[in-house]
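One letter stands for each residue in the lines below.
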Amino acid sequence: MTPRPLDRLIRPRTIAVFGGREARRVIEQCDLMGFAGDIWPVHPTLESVLGRRCYRSVEELPDGPDAAFVGVNRMLTVEIVRALSARGGGGAVCYASGFSEAVSELADGAELQQALVEAAGDMPIVGPNCYGMINGLDGALLWPDQHGIVRSERGVAILTQSSNIAINLSMQRRGLPISYLMTAGNQAQIGLSDLAHAVLDDPRVTAVGLHIEGFGNIRALEALAARARELKKPVVALKVGKSEQAQRAAISHTASLAGSDAVADAVLHRLGIGRVTTLPELIETLKLLHVAGPLESDAISSMSCSGGEASLMADAAVGRNVEFRALKPEQLPALRASLGEMVTLSNPLDYHTFVWGDLSRQTDAFTAMFEGGYALNLVVLDFPREDRCDGVDWMTTVSAVAAAAKRSGARAGVLATLPENLPEPIAKQLIETGIVPLCGISEALAAADVASGIARVWKKPRPLPLLDQPADAGEIETLSEAAAKAELAAAGLTVPLGRTAATANEAAETAQQIGFPVALKALGIEHKSEAGAVKLNLWDKNAVKDAAEGMAPIARGYLVERMIERPVAELIVGAVRDPVVGLTLTVGAGGILVELLEDSVVLPLPVTKAEVLDRISRLKIRKLIEGYRGSAASSLEIVADAVVSAAEYVVKNAALLEELDINPLMVLGESRGVVAADALIRRRR
């Protein structure tokens, strides 16, 4: 049953609370936040709670409440939710644990969770096993503990599966205005993406941050990303958790490359959801997006009155998609006039201390830098301790940044290298003037990277819906290399000229017919090189026969193929089935370079040629493909065509295919195409 919209639950006018200590805390927190609606405590014996009349049951309530906090034991939770649903309640937060998260301790945990969902019917429920939510815009809380949220008129929404992480995030003192803080618990009925979709439609929400342990409903995530793009409200995710791929890696190289974390990264990139790796990065990225929104490019500038800070900025950009683009010639005269002859003009720029405390000269210098067409202009500024120092000159610099931003119309940020060196009141003041307060150099550059990446994806055509094809039932079989190559050839991929043979003598005769030199492979062996089941560059019949006889104890027949010319590069192209996303394609450096370079990209399916080109252009092996230091060259276009053919084969056979591994896919010189030199296909019968 599809749940009703979440509007009443997340923006309630009436709240019912069930339980003892936790329910009392919910009322306390609503009072502290100034909730203006009605609160109805429900308790079997108490007459009142915090000056409010207690009701004995759901049936006694004046009406079906917009929202309810159910803080009772797990068995009673089911009964109360059933009664709330029957009364027309707008939704409930289920606090109790002991459901599907506790199946190893409680045999009935999963069964009870299903009973809870059935009891709710079409009434939305959040949890179970969660703290609930805080609406900092309206002061409405379904939250049984302390928190650090203060009322705001607009801000970002943060959603997490972890209640403790939610509490920690609420306590941040970096100036980030939080409009909603929500936890999802077990996501029995309503998932993180559903909650995020609901808050995204609130015009007071500027951006959404997700702390994700698992994707859950991938379709809901797609819908969230599409809505975010439509509303121009960015979504950022801190995705945690890496799955063990050891069992699948024993079958093919593709499985080891396409671990769940790599798949998650590819899915988020495709959907235009920014990804961060730490909680500080999440906070700083949300701050940047709240004030500035997605950045139009990856070009940024930096000014500091220290060469050491300028060097730290430059170093922190390594490995990030941010560019400290060189100054434009037209910027130099104004910078020189304001900073003097002794300053080396560059980006990042050390402006020395010659203009320190001089509002006019600082404003002129900052304006000249801001007029360089950068997407974000950062001024490094660590504030002094308030209990021991006088910060008047630092506030002069803040005024200069604000004046320069207004004069130039550019995006500006003040960056403290240490988070404790940017007091929260100053951070809030900066936000009010449209300046981004950022804490930590690496976190600030991560934020810029993510903000420009979201804008890049939004400028491209909307992605196709992700492949939604669960695997059919049936026993998994591994095709022989010959059979696998026959399938790929039918799909449009080029494979070597080859034939199968049953005996060593037949192999020798077949080689004579194909033409030397040949490669000989034993059929029925998955990892041929390790097993000695492949011999290359055999130039006559005797060599083929001897090689075949040597493989006879492990061979189930032979594959004889014409040798391929020396390639420009070797790639791996493959597909494995992710438990959440389904089949995804992996492309990377192949052959012996798979483990050495760890150079690969994951492509969710289906995929367009434009998407393939965009992703493979990021590979390190691209330099070999396009000709490195005068070596033979091919083209990415030809490689992309082969990858698209492999992708189309996977999509067409998605119901049965379990795994595809083409390694190596040999890229030949002078644009002579690509050849699938080895192939593995596992599928269900």
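Since the structure is predicted, the reported quantities are computational estimates derived from the model, not experimental observations.

## So, the overall build of the protein chain
Then step 1. A tally of helices and strands in the protein chain yields 25 helices and 30 strands.
Then step 2. For the protein chain, the spread of C-alpha atoms along the three principal axes comes to 95 × 80 × 40 Å.
Then step 3. For the protein chain, with 685 residues in total, the buried portion stands at 56%.
Then step 4. Of the contacts formed within the protein chain by residues at least 6 apart in sequence, a portion of 71% connects residues at least 24 apart.
Then step 5. Accessible area for the protein chain stands at about 28,400 Å²; split by element, carbon and sulfur atoms hold 50% of it.

## Comments concerning the sheet that holds strand β7 (residues 125-126)
Then step 1. Ordered in space as β2-β1-β5-β6-β7, the 5 strands form an open sheet in which the pairing is parallel. Edge positions in the sheet fall to β2 (38-42) and β7, since each of these pairs with one other strand and no more.
Then step 2. Running at roughly 165° to strand β5 (residues 67-71), helix α3 (residues 74-86) makes contact with β1 (14-19), β5, β6 (92-94) and β7 of the sheet.

## Some remarks on the packing of helix α6 (residues 192-200) against helix α7 (residues 218-231)
Then step 1. Where α6 contacts α7, the two axes come as close as 9 Å, and the packing angle between them is 20°. In terms of axis orientation, α6 runs roughly parallel to α7. Note on packing geometry: the crossing formed by α6 with α7 is left-handed. Residues S193, D194, A196, H197 and L200 of α6 lie in contact with α7, whose contacting residues are A220, L221, A223, L224, R227, A228 and L231.
Then step 2. Along the lines of polarity and charge, the residues of the contact of α6 with α7 split into 8 nonpolar, 2 polar and 2 charged.

## Observations concerning the pattern of salt bridges
Then step 1. According to the stated counting rule, one finds 44 salt bridges in the structure shown.
Then step 2. In this structure, the salt-bridge partner of D614 is K460, at a minimum N-O distance of 3.2 Å. Placement of the pair is D614 in helix α23 (residues 609-616) and K460 in the loop between α17 (441-459) and β20 (476-478), with a sequence separation of 154 residues.
Then step 3. Using a relative accessible area of 24% as the deciding quantity, one classes D614 as partly exposed.
Then step 4. Under the relative-accessibility criterion, K460 is labelled partly exposed at 34%.
Then step 5. For R683, the salt bridge is made with E487, and the minimal N-O distance between the two is 2.7 Å. Linking R683 in strand β30 (residues 679-684) with E487 in helix α18 (residues 481-490), this pair joins segments that are 196 residues apart in sequence.
Then step 6. Overall, E487 belongs to the partly exposed group, its relative accessible area being 23%.
Then step 7. One network of salt bridges, with partners in common, ties together D7, R11, D138, D202 and R204.

## Quick word on the sheet that holds strand β22 (residues 518-522)
Then step 1. Strands sit in the order β21-β24-β22-β23 across an open sheet of 4 strands; the sheet is antiparallel. Of all strands in the sheet, those bounded by a partner on one side alone are β21 (498-501) and β23 (534-538). Pairs of neighbouring strands in the sheet enclose a mean axial angle of 20°, with direction left out of account.
Then step 2. With 3 bridges connecting them, β22 and β23 associate as antiparallel partners. Residue pairing across strands places L520 opposite K535, the latter belonging to β23.

## Structural notes on α23
Then step 1. Taken residue by residue, α23 has V612, R615 and I616 as its buried positions. All buried residues of α23 project into a common sector of 90° when viewed along the axis, lining one side.
Then step 2. Among the structural elements, α10 (260-271), β26 (582-589), β27 (600-604), α24 (622-625) and α25 (636-652) are those in contact with the buried residues of α23.

## What to know about the side chain of D261
Then step 1. With respect to the helices and strands, the residue D261 is situated in helix α10.
Then step 2. Residue D261 is classed as buried on the basis of its relative accessible area of 19%.
Then step 3. There is a polar contact of 2.6 Å between the side chain of D261 and the side chain of R275.

## Quick notes on the pairing of β2
Then step 1. Here β2 lies mainly inside the structure; 4 of its 5 residues are buried.
Then step 2. Sheet topology note: the β1/β2 ladder contains 5 bridges and is parallel. Bridging across to β2, F18 finds its partner in V42.
Then step 3. As a crossover connection, the stretch from β1 through helix α2 (residues 21-33) into β2 is right-handed.

## A closer look at the pairing of strand β15 (residues 300-304)
Then step 1. The element β15 is extensively covered by neighbouring structure, given that 5 of its 5 residues are classed as buried.
Then step 2. Two strands pair when backbone bridges link them, and β15 and strand β17 (residues 376-380) are joined in this way by 4 bridges, in the parallel orientation. Bridge assignment links S302 to a residue of β17, and that residue is L378.
Then step 3. As paired strands, β15 and strand β16 (residues 349-350) are joined by 2 bridges and run parallel to one another. Looking at the pairing, M303 lines up with L349 of β16.

## A closer look at the packing of helix α19 (residues 504-514) against helix α21 (residues 541-551)
Then step 1. Remark: α19 packs on α21, axes separated minimally by 8 Å, with the N-to-C direction vectors making an angle of 145°. Like other packed secondary-structure pairs, α19 and α21 cross with a definite hand, here right-handed. Each of A504, N505, A507, A508, E509, A511 and Q512 in α19 lies in contact with α21, whose residues at this interface are K541, V544, K545, A548 and E549.
Then step 2. Class assignment of the residues belonging to the contact of α19 with α21 gives a composition of 6 nonpolar, 2 polar and 4 charged.

## Comments concerning the environment of P124
Then step 1. Its place among the elements puts P124 in the loop between α4 (109-120) and β7.
Then step 2. For P124 and T503, which are 379 residues apart along the polypeptide, the C-alpha to C-alpha distance reads 67 Å.
Then step 3. Setting aside its immediate chain neighbours within four residues, P124 contacts P3, R4, P5, L6, L9, G90, G91, A92, Q189 and I190.

Rules behind the numbers
- Residues numbered from 1 in each chain as written.
- Predicted model: local features only at pLDDT ≥ 70, side-chain atom pairs only at ≥ 80, totals over all residues.
- Heavy atoms only, no water.
- Helix = DSSP H or I, 4+ residues; strand = E, 2+ residues; numbered from the N terminus.
- Buried < 20%, exposed > 50% of the residue type's maximum accessible area, 1.4 Å probe, protein only.
- Contact = heavy atoms within 4.5 Å.
- Areas by Shrake-Rupley, 256 points an atom, 1.4 Å probe, with all protein chains shown as cover.
- Pairing = 2+ DSSP bridges.
- Axes fitted to C-alpha atoms, helices over the stretch in contact; angles between N-to-C directions.
- Parallel < 35°, antiparallel > 145°, perpendicular 65-115°, else oblique.
- Left-handed = near helix turned anticlockwise from the far one by under 90°.
- Nonpolar A, V, L, I, M, F, W, Y, C, P; charged D, E, K, R; others polar.
- Salt bridge = Lys/Arg side-chain N within 4 Å of Asp/Glu carboxyl O.
- Arc of directions from axis to C-beta.
- Polar contact = N/O pair within 3.5 Å; in protein donor to acceptor, adjacent residues only side chain to side chain.
- Right-handed = clockwise from strand over helix to strand, strands pointing away.

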